[in-house]
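Overview (structure and organization)
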Amino acid sequence: MPVEQSLRREKKNPLLFSAQVALSLSVGLIAAYFFTGRWNVVWVLLLAGTVLWCSDKILVSRERRAVVLSAVFGAAMAAAAVVGRKIQVETKDFLALRSSDFLFLLGLFVLFTVVLAVLLPLLVQWSEKIGVKKTFRFSPRKAGLLAFLVVFVCWLISFLVYYPGSLSIDSFYTLRQAMGITPLTDYHPVVYTLLIRLFVKLGMLVGGPTVGVAVFSLAQMFFCAFTVGYGTAWLCRRRPHPAVPVIAVLWFALSPMFADFSFTLWKDVPFAAAVLLYTLYTWDVVESRGEKLQSFKGAAGYVLVSFLMGIFRHNGYYVLILSTVVLLVCFRKKLRRTLPALLCGALLVPLVLNAFYACGVKKGPFSESLSIPVQQIARTVKLNGTITPEQQESLERLFDVEKLQGYDPFLADPAKNSLNREYLNAHKGEFFRLWFSLLPGNFGEYCRAYLMQTYGYWNWEPKTIPVGGIANAARELGVTKVNWLFQWTGVDLSGFLQQTMDFPSTGTIVWILLAGALLLLYRKNYRTLLAYLPAAGVWLTILVATPLYCSMRYVLALPYVLPFLLFLSLFGESGASSFKEEPSA
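Figured I'd write up the structure that's included with this text.

How each quantity is defined
- Residues numbered from 1 in each chain as written.
- Predicted model: local features only at pLDDT ≥ 70, side-chain atom pairs only at ≥ 80, totals over all residues.
- Heavy atoms only, no water.
- Patch = residues over 30% accessible without salt bridge, like charges linked within 9 Å, V, L, I, M, F, W, Y side chains within 5 Å.
- Areas by Shrake-Rupley, 256 points an atom, 1.4 Å probe, with all protein chains shown as cover.
- Salt bridge = Lys/Arg side-chain N within 4 Å of Asp/Glu carboxyl O.
- Helix = DSSP H or I, 4+ residues; strand = E, 2+ residues; numbered from the N terminus.
- Buried < 20%, exposed > 50% of the residue type's maximum accessible area, 1.4 Å probe, protein only.
- Phe/Tyr/Trp six-rings, centres within 6.5 Å; stacked < 30°, edge-to-face > 60°.
- Lys NZ or Arg CZ within 6 Å of the ring centre and 35° of its normal.
- Axes fitted to C-alpha atoms, helices over the stretch in contact; angles between N-to-C directions.
- Parallel < 35°, antiparallel > 145°, perpendicular 65-115°, else oblique.
- Left-handed = near helix turned anticlockwise from the far one by under 90°.
- Contact = heavy atoms within 4.5 Å.
- Nonpolar A, V, L, I, M, F, W, Y, C, P; charged D, E, K, R; others polar.
- Expected span 1.5 Å × (residues − 1).
- Core = buried A, V, L, I, M, F, W, Y, C linked by side-chain atoms within 4.5 Å.

Regarding a nonpolar patch on the surface
- A cluster of nonpolar side chains, contributed by Trp53, Leu119, Leu122, Leu123 and Trp126, occupies part of the molecular surface with about 480 Å² of accessible area.
- Per element, the largest residue contribution to the nonpolar patch is 4 residues, and it comes from helix α5 (residues 99-130).
- Inspection of the secondary structure assignment puts Trp53 in helix α3 (residues 41-61).

Overview of the pattern of salt bridges
- In the structure shown here, the tally under the stated rule is 14 salt bridges.
- Across the pair Asp268 and Arg313 runs a salt bridge whose closest N-O atoms are separated by 2.5 Å. Linking Asp268 in helix α12 (residues 268-287) with Arg313 in the loop between α13 (296-312) and α14 (314-330), this pair joins segments that are 45 residues apart in sequence.
- Judged by its relative accessible area of 12%, Arg313 is buried.
- When the shortest N-O distance is used, the salt bridge between Arg421 and Glu368 registers 3.9 Å. With a gap of 53 residues between them, Arg421 in helix α19 (residues 421-426) and Glu368 in the loop between α15 (335-358) and α16 (371-382) connect regions that are remote in the sequence.
- Through salt bridges that share partners, Asp170, Asp268, Arg313 and Arg553 make up one connected network.

Comments concerning the packing of aromatic side chains
- Taken as a whole and assessed by the stated rule, the structure comprises 35 aromatic pairs.
- On the basis of an interplanar angle of 45 degrees and a centroid distance of 6.0 Å, the ring pair of Trp126 and Phe571 is categorised as tilted. Remark: Phe571 occurs in helix α27 (residues 557-571) and Trp126 occurs in helix α5; sequence separation between them is 445 residues.
- The class for Trp126 is partly exposed, based on a relative accessible area of 42%.
- Between Lys267 and the ring centre of Tyr187, over which it is positioned, the NZ or CZ distance is 5.8 Å.
- Directly above the ring of Trp266 sits Arg553, whose terminal nitrogen or CZ lies 4.2 Å from the centroid.

Structural notes on the packing of helix α8 (residues 190-204) against helix α9 (residues 209-236)
- Relative to each other, α8 and α9 sit at 125 degrees, their axes nearing to 7 Å. Relative to α9, α8 is oriented oblique. Helix-helix and strand crossings are classified by hand; for α8 and α9 the assignment is right-handed. Contact with α8, carried on its side by Tyr192, Leu195, Ile196, Phe199, Val200, Gly203 and Met204, involves Pro209, Val211, Gly212, Val213, Val215, Phe216, Ala219 and Gln220 of α9 and no other residues of that element.
- In terms of residue class, the contact of α8 with α9 is built from 12 nonpolar, 3 polar and no charged.

A word on unusual backbone geometry
- At the junction of Tyr163 and Pro164, the peptide bond is cis and its omega measures out at 5 degrees in the coordinates.
- Inspection of the secondary structure puts Pro164 in the loop between α6 (140-161) and α7 (169-178).
- One non-glycine residue, Arg289, adopts positive backbone phi at about 55 degrees.
- On the accessibility criterion, Arg289 (43% relative accessible area) is partly exposed.
- Residue Lys524 is not a glycine yet carries a positive backbone phi of 60 degrees.
- Note that Lys524 resides in the loop between α25 (506-522) and α26 (533-545).

Quick word on α16
- Under the 1.5 Å per step criterion, the end-to-end length of α16 is 16 Å for 12 residues, consistent within 8% with the ideal 16 Å.
- By the criterion of burial, α16 is predominantly enclosed, with 11 of the 12 residues buried.
- Ser371, Ile372, Pro373, Val374, Gln375, Gln376, Ile377, Ala378, Arg379, Thr380 and Val381 are the residues of α16 that are buried.
- Packed against the buried residues of α16 are β2 (93-94), α17 (389-398), α18 (413-416), α20 (428-438), α21 (443-453) and α26.
- Just downstream of α16 lies Asn384, where phi reads positive at about 55 degrees.

Concerning the nonpolar core
- If you look at the biggest cluster of nonpolar residues, it comprises 149 residues, and the most contacted ones within it are Trp155, Leu175 and Tyr560.
- Here the element with the most residues in this core is α12; it accounts for 14 residues.
- Apart from residues no more than four positions distant in its own chain, Tyr560 is found in contact with Trp155, Cys224, Thr227, Phe252, Phe258, Ala272, Ala273 and Leu276.

Structural notes on the environment of Gly84
- Along the chain, Gly84 falls in helix α4 (residues 64-86).
- Its relative accessible area of 1% is what places Gly84 among the buried residues.
- Distance from Gly84 to Gln177, taken between C-alpha atoms, is 39 Å for residues 93 residues apart in sequence.
- Apart from the residues lying within four places of it in its own chain, the contact partners of Gly84 are Ala79, Tyr455, Trp458 and Asn459.

Laid out in structure tokens, this is it:
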């Protein structure tokens, strides 16, 4: 093979090489201007050289599969980059596309395609070179315990700075229900609220509301750190290179963002940890080809992780249903042995919720699931779109039309607050008929409303804002902040933690995971794609119902599962059939 490649280089066509150089310079100029806003010589030469080198590699290797897959992925990345630049968060505008944008689109498409087409084979070669260690010396159980302790202690430092935990306005409403001030509803998951009530009451036995919140925060931190320890043990049972579990632990331990979320009173936090447990456990089921579900212990474990994922967030149940359907298809030849556990996992959540409803717990407002269609209707009204007299009458029945003028393209709350909720609950069909009937005449505005409302989940530029404190409303309940680390040591780390809170954006995490899935497609390792199913379900359900254009809390499950899914993409070389777990020590 090296001889053949050298001969191809010697016989390189001068005309072809000239075309490569011209294309590389063009792409370098376009990409440099897109990324920096000017034609910086260093950037132009760097990008042009990258394209030239990559294109030469592609011509020599003739990896058609890599090129085709990279072209599809590169086109999606280029489109996200160009369209994303049209959305202006500061001015809340969606700029019109110009002819130069199509040049940017073409240039970025070529850049992303050639780079990915070279990276895919290199990543496969690198992963095969490292492989799994036949003589892996770590005890999975001890490694998991050590990971738990390291992560918990690192997070505990942040907790002492932000004692008794971080509370937003959503946390305040949940805490009011937990303390019995307002009635229970499932607007925030009832099980989560009841858990807060349990630990807050335990804490209040020895102190006030502040101690109660601190006790729950510590319990939530413990659960999240436990899932990281479980994941580390899961990795070690697969005999990876020793650096793999170390990197995974550091990913969680050294990021103030994970620490901040671990003691924030949000349902999204235990949900993210539950998604990690479900992802790893479900992959164990797939890896065993359903055999794991045939024992009582294995089936009970699956039902437990299914219940946790489905109960901590409403969209978690949809993710569970999607995963269950796919697993039923995969195990269709073993339904007699796998069906009971899969059905129990899917049915336990609605059974528990219906029991709560029977006890008087009220359902959350239906309007909370309508963020995207409400935003599309609101934008149509705000910008004087095409609306018939009949549609106007329906609008006036369903909405306070004057309030729709307060439409915010990045936050659905103002538009949802304009709904006539009593009328909506009795006429849900009318709402969807109105939404659908407005679509043909306002297709462009519908698309812009959707892209702006979901902006942070497909574009890598927007940053999420951390919590790191207590909302003023929570102080009304007697919850006060105390920086115990400062009081005990005289060292104030609050400023440092806020400055280091920076974390890859939600969109960046999404694209990294998509790249991991792309690598599996390139390797024809289709079965391992099942491990990505829960993460994909979380992302897709947010894309159809997000109330805010960019927030890491809604997709916190994605950075939780990221190191483990990337491990499977890189080292699950034979559809997981090569993985053989060692017994726990």
